[in-house]
Amino acid sequence: MYNSFKKPFLGMPAPLGYVPGLGRGATGFTTRSDIGPARDANDPVDDRHAPPGKRTVGDQMKKNQDDDDEDLNDTNYDEFNGYAGSLFSSGPYEKDDEEADAIYAALDKRMDERRKERRELREKEEIEKYRMERPKIQQQFSDLKRKLAEVSEEEWLSIPEVGDARNKRQRNPRYEKLTPVPDSFFSKHLQSGENHTSVDPLQGLGGLNTPYPGSMTPGLMTPGTGELDMRKIGQARNTLMDMRLSQVSDSVSGQTVVDPKGYLTDLNSMIPTYGGDISDIKKARLLLKSVRETNPHHPPAWIASARLEEVTGKLQVARNLIMKGTEMCPKSEDVWLEAARLQPGDTAKAVVAQAVRHLPQSVRIYIRAAELETDVRAKKRVLRKALENVSKSVRLWKTAVELEEPEDARIMLSRAVECCPTSVELWLALARLETYENARRVLNKARENIPTDRHIWITAAKLEEANGNTQMVDKIIDRAITSLRANGVEINREQWIQDAEECDKAGSVATCQAVIRAVIGIGIEEEDRKHTWMEDAESCVAHGALECARAIYAHALQVFPSKKSVWLRAAYFEKNHGTRESLEALLQRAVAHCPKAEVLWLMGAKSKWLAEDVPAARSILALAFQANPNSEEIWLAAVKLESENNEYERARRLLAKARSSAPTARVFMKSVKLEWVLGNIEAAQELCTEALKHYEDFPKLWMMRGQIEEQCENMDKAREAYNQGLKKCPHSVPLWLLLSHLEERVGQLTRARAILEKARLKNPQTAELWLESVRLEYRAGLKNIANTLMAKALQECPNSGILWAEAVFLEARPQRKTKSVDALKKCEHDAHVLLAVAKLFWSERKITKAREWFLRTVKIEPDLGDAWAFFYKFELQHGTEEQQEEVRKRCENAEPRHGELWCAESKHVLNWQKKTGEILAQVASKIKNTF
């Protein structure tokens with residue numbers, strides 16, 4: 001139902017722009033809560049650190065008003081430009097404003113160009129007018145300068161020099177000289193008794209006489225006469241000199257700093273040694289004085305004060321201060337020790353004696369007292385007196401025992417262990433001085449008193465070993481582990497291994513091995529045992545404890561008897577650090593446990609062969625055949641053994657047998673090589689052809705075929721062999737190099753270049769191919785092209801050591817050092833770069849540095865034969881015979897197989913039976929140090 005009393009507009013939205021109450025005159029209002037509390041102009045602002053002029057609300061309001069109001073004063077108004085500022089600077093700068101400014105700027109520029117000639121003409125006229133009114137000095141004298149042309153030479157020379165207007169004294173200032181009056185002057189005029197008011201110019205002496213004789217000092221006159229006593233003046237002078245000498249005569253150590261006879265020459269010793277700021281010294285002195293006065297019983301204050309004075313050179317003040325400190329702090333050990341240090345010899349002894357009275361239990365003071373004594377008997381007396389008062393001090397006992405003879409030391413130690421039963425060092429020292437039986441008793445007592453120390457047990461084991469009871473050593477060590485665990489001691493494996501290493505170095509091998517066996521397995525997870533034990537063995541070898549390493553390997557082989565890697569590591573250890581007998585014994589055990597490990601059989605056979613026991617080596621290889629039938633390695637080892645011992649027919653039969661039973665590419669290659677080196681070229685060619693039917697993808701066969709043809713001067717056949725090989729083995733870098741060398745030999749440089757370029761396309765990022773390309777251009781005399789190629793090579797192979805090594809010597813001598821630094825940055829651990837640096841030092845005649853770098857090279861890469869050859873050549877020129885022999889032996893042990901120069905000699909047909917030492921000498925003889 002419609003309600004007539006309800007207004008029709010209620011509930012409807014208000015019309016647009018409607019403001020409630022506006023029709024009846026009501027307006028909106030704002031309360032204080034909307035705008036915040038009212039603030040007076042003098043109220044302080046919220047910023048506590050506001051600068052002056054901004055500290056009140058009124059100041060802030062005034063500043064804001066000043067910023068908002070623009071300066072429209074008359075002084076800021078110009079008739080043409082108006083006000084200096086912009087009237088509309090507060091308004092927004094829009095795009096149309098920017099366009100307007102650009103138009104105005106273009107107009108100004110155009111108008112300026114139109115008036116340019118008139119303006120420049122006007123400016124020129126103004127400058128000329130200004131110069132007419134105010135001419136330069138140069139222009140003012142121009143007419144006089146022109147007249148100088150008329151001056152004759154005589155007139156010019158007659159012009160006087162410009163003189164100094166000052167008087168002579170001002171021009172030549174001289175310091176006033178004062179000459180001391182000699183004693184003879186006074187004595188002469190005193191005797192004459194005359195009064196003088198001036199000096200006789202003939203004497204040339206200065207000074208005036210006293211009016212009458214009686215006015216002289218009475219002490220210097222001879223009684224009853226008017227004469228001056230010259231003897232007393234000399235005595236006074238000597239007394240003054242003695243006083244000055246005594247002030248600086250003694251130092252802390254009691255020795256004279258200044259030589260009395262050469263006092264004037266030793267004045268430098270009086271210069272203060274402190275080079276710091278004097279103001280700092282004064283501040284420190286004042287501060288320390290305040291500390292002393294505030295707390296006079298604080299020992300560090302007195303010590304610091306004394307040391308400050310000592311540093312600044314005031315030694316006597318320092319002594320006085322520290323002695324005052326001993327009075328204020330008589331119970332401070334440090335103060336007494338500092339006082340004894342600062343005082344000279346006898347005074348220091350007196351200070352220490354006084355300190356002992358105040359501190360009869362101080363060990364450090366007794367030690368200092370003994371140090372001050374120079375006589376051994378006096379030292380002993382002091383220490384024995386100290387031990388009467390402080391019998392529990394281990395340090396005093398040790399110091400006293402060190403001064404005694406062995407027999408007296410034993411007696412003292414027997415007393416010492418009674419007074420200090422918990423000192424392991426004293427017990428062990430006593431045990432070392434006793435006989436075997438007494439030492440056992442001493443160690444048993446020590447174990448009772450100190451059941452938690454392992455050193456006593458280890459010493460007992462060493463004692464038994466030294467007296468031949470090696471069977472007791474293991475028992476003692478086992479009991480030690482059990483006893484220490486029972487007493488709650490944790491068995492630290494690393495500490496025990498360190499003790500074992502010390503036993504090894506002391507020669508106690510059985511004790512060392514017993515300790516290793518007892519603790520090697522403690523605290524290691526089962527899966528980590530092998531890895532950890534190998535690391536322990538390497539660590540022992542690095543520390544020089546070879547018996548420890550041998551014991552670790554022996555234990556590891558007991559636990560892992562079928563692990564080939566452990567046997568190998570043990571075998572290499574014996575090879576490097578053991579004897580031939582120990583190596584062969586180990587290898588016999590190794591092949592019994594690992595009969596399938598070919599390398600162990602081969603190591604055993606090689607050891608026998610090196611010992612020139614060829615039958616034994618054959619028997620080992622025969623056993624190896626039984627365990628490893630048709631093994632390529634063992635077949636080839638047998639062939640090498642026979643061929644090295646000139647049993648060529650046996651070697652041929654073995655190879656024929658191998659080709660039928662175990663045909664491989666290497667067996668065929670060795671067959672070809674044997675016939676080749678023996679001069680049977682046709683047989684070698686036939687074998688090579690047969691081998692290539694079966695193994696055409698084996699590049700070494702193609703290389704040998706080509707080299708045999710080259711040797712027979714059949715260049716076309718050699719080229720054909722290399723080309724066929726490259727079709728089958730396009731990624732064989734040596735094949736590409738051999739073909740390139742062949743073309744270069746026959747004079748086809750362009751073809752050789754093309755071959756190397758093709759090789760680089762087939763084998764990108766191959767440093768050897770780039771290196772050969774560079775060398776080819778260098779040998780052809782095209783050094784610029786060689787340098788360009790080297791730059792490209794280093795871009796493609798930036799981490800290649802052989803390229804960087806070659807790049808160093810492509811540079812001119814002044815730039816080589818810089819290039820070598822770049823090479824080392826890129827290839828820090830590359831043997832070729834290290835060798836290049838060594839050669840660089842050699843070329844500069846820096847012998848010591850060159851030797852260091854050669855050693856570094858052969859250490860980082862012992863398989864690089866070139867490094868050994870250069871090193872040997874270097875020692876031949878600059879080293880002794882011992883150094884040359886050492887390099888040769890190390891090279892023979894390393895048996896290098898790689899290196900460009902090395903392989904060229906070692907793989908040559910004529911050198912196939914030569915030993916490593918002979919090849920080393922041969923390669924070194926062919927090296928020309930033209931680098």
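A quick note: this is a predicted structure, and the numbers were derived from the prediction, not measured.

(A) Inspection of the packing of aromatic side chains at higher detail. Following the criterion strictly, the structure yields eight aromatic pairs and no others. Arranged with centres 6.0 Å apart and planes meeting at 55 degrees, the rings of Trp533 and Phe560 form a pair that is tilted. Here the residue Trp533 occupies a position in helix 26 (residues 529-542), and Phe560 occupies one in the loop between helix 27 (546-559) and helix 28 (564-577), the gap between them amounting to 27 residues. Across the pair, exposure class does not vary: Trp533 and Phe560 are buried alike. Ring geometry for Tyr553 against Phe573: centres 5.5 Å apart, planes inclined by 45 degrees, an arrangement best described as tilted. Note that Tyr553 is positioned in helix 27 and Phe573 in helix 28, a separation of 20 residues in sequence. Of the two residues examined, Tyr553 and Phe573, each falls in the buried class. Here Arg760 stacks its cationic end above the ring of Trp770, 4.3 Å away from the centre of that ring.

(B) Representation of helix 31 (residues 614-627). Taking 1.5 Å as the rise per residue, helix 31 with 14 residues should run 20 Å; its terminal C-alpha atoms sit 20 Å apart, in good agreement. All of the buried residues along helix 31 are Val614, Ala616, Ala617, Ile620, Leu621, Ala624 and Ala627. End-on, the buried residues of helix 31 take up no more than an arc of 160 degrees, which puts them together on one face. Exposed positions of helix 31 whose direction lies more than 90 degrees from the buried face are Pro615 and Gln626. Contact partners of the buried residues in helix 31: helix 30 (598-610) and helix 32 (632-644).

(C) Summary view of a positive patch on the surface. The grouping of Lys640, Lys670, Lys673, Lys700, Arg897 and Lys907 at the surface amounts to a positive patch. The topology assignment puts Lys907 in the loop between helix 48 (900-906) and helix 49 (916-926). Assessed through its relative accessible area of 56%, Lys907 is described here as exposed.

(D) Fine view of the UniProt feature "repeat: TPR" (unreviewed entry) in the protein chain. Here the UniProt-annotated "repeat: TPR" (unreviewed entry) positions come out as residues 699-732. Taken end to end, residues 699-732 comprises 79% helix and 0% strand; its first and last C-alpha atoms sit 7 Å apart.

(E) Inspection of the pattern of salt bridges at higher detail. The full count for this structure, using the stated rule, is 37 salt bridges. Ionic pairing is found between Arg307 and Glu338, a salt bridge with its closest N-O pair at 2.8 Å. Residue Arg307 is located in helix 12 (residues 299-311), and its partner Glu338 is located in helix 14 (residues 333-342); the two are separated by 31 residues in the primary sequence. Arg888 is the partner of Glu885 in a salt bridge, and the nearest nitrogen-oxygen pair spans 2.2 Å.

Rules used in this analysis
- Residues numbered from 1 in each chain as written.
- Predicted model: local features only at pLDDT ≥ 70, side-chain atom pairs only at ≥ 80, totals over all residues.
- Heavy atoms only, no water.
- Phe/Tyr/Trp six-rings, centres within 6.5 Å; stacked < 30°, edge-to-face > 60°.
- Helix = DSSP H or I, 4+ residues; strand = E, 2+ residues; numbered from the N terminus.
- Buried < 20%, exposed > 50% of the residue type's maximum accessible area, 1.4 Å probe, protein only.
- Lys NZ or Arg CZ within 6 Å of the ring centre and 35° of its normal.
- Expected span 1.5 Å × (residues − 1).
- Arc of directions from axis to C-beta.
- Contact = heavy atoms within 4.5 Å.
- Patch = residues over 30% accessible without salt bridge, like charges linked within 9 Å, V, L, I, M, F, W, Y side chains within 5 Å.
- Areas by Shrake-Rupley, 256 points an atom, 1.4 Å probe, with all protein chains shown as cover.
- Salt bridge = Lys/Arg side-chain N within 4 Å of Asp/Glu carboxyl O.
- Lys, Arg positive; Asp, Glu negative; His and termini not counted.
- Charge placed at Lys NZ, Arg CZ, Asp CG, Glu CD.
- UniProt positions renumbered as here; feature names shortened; annotations may be inferred.

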